Amino acid sequence: MSLLTTNRLTKRFGGLVAVNDVNLQIEENETLGIIGPNGSGKTTLFNLLTGFFSPTAGRVILQGKDVTRLSPEERVGMGMVRTFQLVSVFGSLRVWENLVPCVTWRNNEYRSLWKFMTSLVGDTWADSFEALRLVGLENYADAVTANLSYGDKRLLEIALALSLKPKLLLLDEPFSGLSDVEIAKVLSLLQSIKGKVTIGIIEHKISTIVDFVDRLCVMNEGRIICEGKPHEVLKDSLVNECYWGKQETVSGFPV
Ligand SMILES: Nc1ncnc2c1ncn2[C@@H]1O[C@H](COP(=O)(O)OP(=O)(O)O)[C@@H](O)[C@H]1O
Ligand SMILES: [Mg+2]
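Residues numbered from 1 in each chain as written. Chains lettered and ligands numbered in written order. Predicted model: local features only at pLDDT ≥ 70, side-chain atom pairs only at ≥ 80, totals over all residues. Heavy atoms only, no water.

### Describing the coordination of the magnesium ion (ligand 2)
Only Thr43 (OG1) and Gln85 (OE1) from the protein coordinate the magnesium ion (ligand 2), and they sit 2.1 to 2.2 Å from it. Pair noted here: Thr43 is in helix H1 (residues 42–50) and Gln85 is in the loop between strand E7 (80–82) and helix H3 (95–106), with a separation of 42 residues, a long-range link. Among the residues examined, Gln85 registers a relative accessible area of 31% and is labelled partly exposed. (Donors = N, O, S within 2.8 Å, 3.2 Å for Na, K, Ca; no water. Helix = DSSP H or I, 4+ residues; strand = E, 2+ residues; numbered from the N terminus. Buried < 20%, exposed > 50% of the residue type's maximum accessible area, 1.4 Å probe, protein only.)

Take a look at the structure:
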């Protein structure tokens, strides 16, 4: 059984079909890349998977359970965690403070204010610093988050996601806006968790992920037009003809 399956998943915005009849499978512990031009429906697909949008039609199945009508929080509780195209962290908080809601949520201690306050002196500290160590931000624990570089904010966002101990981690363009050095840092972090966590990663620049992912899905106009082993997908004539234009070859990919 696949970890995640979608069944004819569709999202319309008025006359626009942003996600069109998508049947997607993500296997346990695989790393799946999703590529496609701007506006092809990649983020909308993630919003449907994670419960930020309700589908117009179709279903989302996680570990055999229909989660189509569950809230984002309920899906997090079942192990589906995401990051956002525009990095989402609390700028006015200190770096370590960002981790507290996630860690307390995961430790199931967030049931009352008293429990929350007492948890701050217990495992929450240790778990928060452990999450920061994992992404190499432990020396910035006390810094005001707004003062971090964009790349470090991205690492923090991934730390938040990982602190929730996801089964399925969905990353929406985690490299966008990052310098080459920052991309290398994030990629090396993702390499260290690859195979231990199931990863779905949206990326625009194919060269960044072609050697990282196990499988690649290409989206165009809301549909998955091709999927398979990354280097085979890049050679696929349908992808080259329908997506990058008849004249273009692999060299026409955004690299
Ligand atoms: N909340 C929304 N309301 C209306 N249209 C939207 C909304 N979100 C996305 N769209 C449209 O859906 C299409 C797919 O967008 P998106 O999923 O963001 O693409 P991608 O992530 O591949 O760039 C685009 O045409 C976009 O304008
Ligand atoms: Mg997007």
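### Here's the deal with the layout of surface pockets
By volume, the largest pocket amounts to about 610 Å³. Around the largest pocket sit 23 residues that line it, and Val76, Arg82, Phe84, Cys102 and Leu164 are the ones nearest its centre. Looking at the lining of the largest pocket, the elements with two or more residues in it are helix H2 (72–77), E7, H3 and helix H6 (150–163). Taken together, the residues of the lining of the largest pocket break down into 15 nonpolar, 4 polar and 4 charged. Each pocket or cavity is described by its volume, and for the second largest pocket that value is around 220 Å³. The wall of the second largest pocket is formed by 13 residues, among which Ala131, Leu134, Leu162, Ser163 and Lys165 lie closest to the centre. Only H3, helix H5 (123–134) and H6 provide two or more residues apiece to the lining of the second largest pocket. The greatest single-element share of the lining of the second largest pocket, amounting to 4 residues, is contributed by H5. Along the lines of polarity and charge, the residues of the lining of the second largest pocket split into 8 nonpolar, 1 polar and 4 charged. (1 Å grid on protein atoms, 1.4 Å probe; cavity = no way out; pocket = protein on both sides within 12 Å on 5 of 7 lines; lining within 4 Å. Points joined across faces, edges and corners; volume = space filled by probe spheres on them. Nonpolar A, V, L, I, M, F, W, Y, C, P; charged D, E, K, R; others polar.)

### A look at the packing of H3 against H5
Where H3 contacts H5, the axes come no closer than 9 Å and their chain directions differ by 115 degrees. Along this stretch, H3 crosses H5, giving a crossing that reads as right-handed. Of H5, the residues touching H3 (which contributes Val95, Trp96, Leu99, Val100, Val103, Thr104 and Arg106) are Thr124, Trp125, Asp127, Ser128, Phe129, Ala131 and Leu132. Here the residues of the contact of H3 with H5 sort into 9 nonpolar, 3 polar and 2 charged. (Axes fitted to C-alpha atoms, helices over the stretch in contact; angles between N-to-C directions. Left-handed = near helix turned anticlockwise from the far one by under 90°. Contact = heavy atoms within 4.5 Å.)

### Some remarks on the site of ligand 1
In the region of ligand 1, the neighbouring residues are Phe13, Leu16, Ala18, Pro37, Asn38, Gly39, Ser40, Gly41, Lys42, Thr43, Thr44 and Phe53. In the environment of ligand 1, an oxygen atom lies 3.0 Å from a nitrogen or oxygen atom belonging to the backbone of Gly41. The side chain of Lys42 places a nitrogen or oxygen atom 2.8 Å from an oxygen atom of ligand 1. Its free accessible area being 560 Å², ligand 1 has 62% of it covered by the protein chains. Residue assignment for the shell around ligand 1 shows that the elements contributing at least two residues are strand E2 (16–22) and H1. (Near = heavy atom within 4 Å. Polar contact = N/O pair within 3.5 Å; in protein donor to acceptor, adjacent residues only side chain to side chain. Areas by Shrake-Rupley, 256 points an atom, 1.4 Å probe, with all protein chains shown as cover.)

### What to know about the sheet that holds E7
Sheet architecture is open: 6 strands sit in the order E7-E8-E9-E4-E10-E11, paired in mixed fashion. The open sheet has two free edges, formed respectively by E7 and strand E11 (223–228), since each of these has just one partner strand. The average undirected angle you get between the axes of adjacent strands in this sheet is 20 degrees. In the packing of H1 onto the sheet, the strands contacted are strand E4 (31–35), E7, strand E8 (168–172), strand E9 (198–202) and strand E10 (215–220), and the crossing angle to E8 comes to about 150 degrees. Sitting on the sheet, H6 touches E7 and E8, and the angle it makes with E8 is about 155 degrees. (Pairing = 2+ DSSP bridges.)

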